[in-house]
Amino acid sequence: MLAYSVCMTTTQELTEGLDDLPYNVFAKACPSRGTLEHVTGRWGGLILCALFEGSLRFNELRRRVDGVSEKMLSQTLHALERDGLVHREAQPTNPPRVDYELTPLGRGVAERLHGLIHFVEDSMDEVLAARERYDSARA
């Protein structure tokens, strides 16, 4: 297992001085909150990481992200495209062919998400043990 150092920081420490920044995710009206929601929502991160592996067509992406409905995949792709993270390429063929790929901005986000996903996967034995202890203590 890989060793990771954890930086313990309070919310106050994170927000100090952020009033001077053009965007502050901790501010209710900041547009960065919407993008963060799209990236970290139930499907956004999985879609970005699936596309990190390469360009995919809609149905390929749906099969890769097991459990996502066609409607949710479509809505999430639209949101990620609007945020400039995903590029949609429609080719004028019969039937129409649509490919999705990451933009450079999307690739940067997906790289960071990949690290988080690998950390979570590598830590699952600890997480499952913690859940078991928690459930046993409350049973």
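Quick caveat, the model's predicted, so the values are computed rather than measured.

**A few points about the overall build of the protein chain**
Phase 1: A tally of regular secondary structure across the protein chain gives 7 helices and 3 strands.
Phase 2: Along the chain direction, N to C, the helices and strands of the protein chain fall in the order α-α-α-β-α-α-β-β-α-α.
Phase 3: In the protein chain, which comprises 139 residues, the share counted as buried stands at 25%.
Phase 4: Long-range pairs, those at least 24 residues apart, make up 45% of the contacts in the protein chain with a sequence separation of at least 6.
Phase 5: Working note: accessible area of the protein chain is about 10,200 Å², and carbon and sulfur atoms make up 53% of it.

**A short note on the environment of Arg112**
Phase 1: Assignment of secondary structure puts Arg112 in helix H6 (residues 104-122).
Phase 2: Put simply, Arg112 and Cys49 are 63 residues apart on the chain and 9.5 Å apart in space, counted from C-alpha to C-alpha.

**Some words on the nonpolar core**
Phase 1: Counting 22 residues, the largest nonpolar core has Ile47, Leu48, Leu51, Leu61, Leu77 and Val86 as the members making the most contacts within it.
Phase 2: Per element, the largest residue contribution to this core is 5 residues, and it comes from helix H3 (residues 44-52).

**Some thoughts on the side chain of Asp99**
Phase 1: One can find Asp99 in strand E3 (residues 97-102).
Phase 2: Exposure remark for Asp99: the relative accessible area of 9% places this residue in the buried category.
Phase 3: Side-chain polar atoms of Asp99 contact the side chain of Arg97, separated by 3.0 Å.
Phase 4: In this view, Asp99 contacts Ser55, Leu56, Arg57, His87, Arg88, Glu89 and Gln91; residues no more than four positions away in its chain are not counted.

**Focus on the pattern of salt bridges**
For side chains of opposite charge, pairing can occur when their charged atoms come near one another.
Phase 1: Throughout the structure, instances matching the rule amount to 3 salt bridges.
Phase 2: For Arg64, the salt bridge goes to Glu53, with nearest N and O atoms at 2.7 Å. In this pair, Arg64 is assigned in helix H4 (residues 58-64) and Glu53 in the loop between H3 and strand E1 (56-57), connecting sequence segments 11 residues apart.
Phase 3: Note that Arg62 and Glu70 form a salt bridge whose closest N and O atoms lie 3.5 Å from each other.
Phase 4: Residue classification places Arg62 among the partly exposed positions, given a relative accessible area of 33%.

Rules of the game
- Every chain begins its residue count from 1, and numbering advances along the sequence as written.
- Where totals are concerned, whole chains, interfaces and linings use all residues; where local detail is concerned, this predicted model gives features only for residues with pLDDT of at least 70, and gives and counts side-chain atom pairs only at 80 or more.
- Only heavy atoms go into the side-chain values, all of them from the structure, while hydrogens and water stay out.
- Working definition: helices are DSSP H or I runs of at least four residues, strands are E runs of at least two. Numbering for both runs from the N terminus.
- Working definition: with a 1.4 Å probe on protein chains only, accessible area under 20% of the residue-type maximum means buried, over 50% means exposed, and in between means partly exposed.
- Any pair of residues with heavy atoms lying within 4.5 Å of one another is described as a contacting pair.
- Methods summary: accessible areas were calculated by the Shrake-Rupley approach with a probe of 1.4 Å, and residue burial reflects only the protein chains presented.
- Each nonpolar core is a collection of buried residues, namely Ala, Val, Leu, Ile, Met, Phe, Trp, Tyr and Cys, held together in the definition by side-chain atoms within 4.5 Å.
- We define a polar contact as two N or O atoms separated by no more than 3.5 Å, with the added condition that, inside protein, one atom must be a possible hydrogen donor and the other a possible acceptor, whereas residues neighbouring each other in sequence contribute only through side-chain atom pairs.
- Each reported salt bridge corresponds to a side-chain nitrogen of Lys or Arg within 4 Å of a carboxyl oxygen of Asp or Glu.

Coordinates in, geometry out; function isn't part of it.
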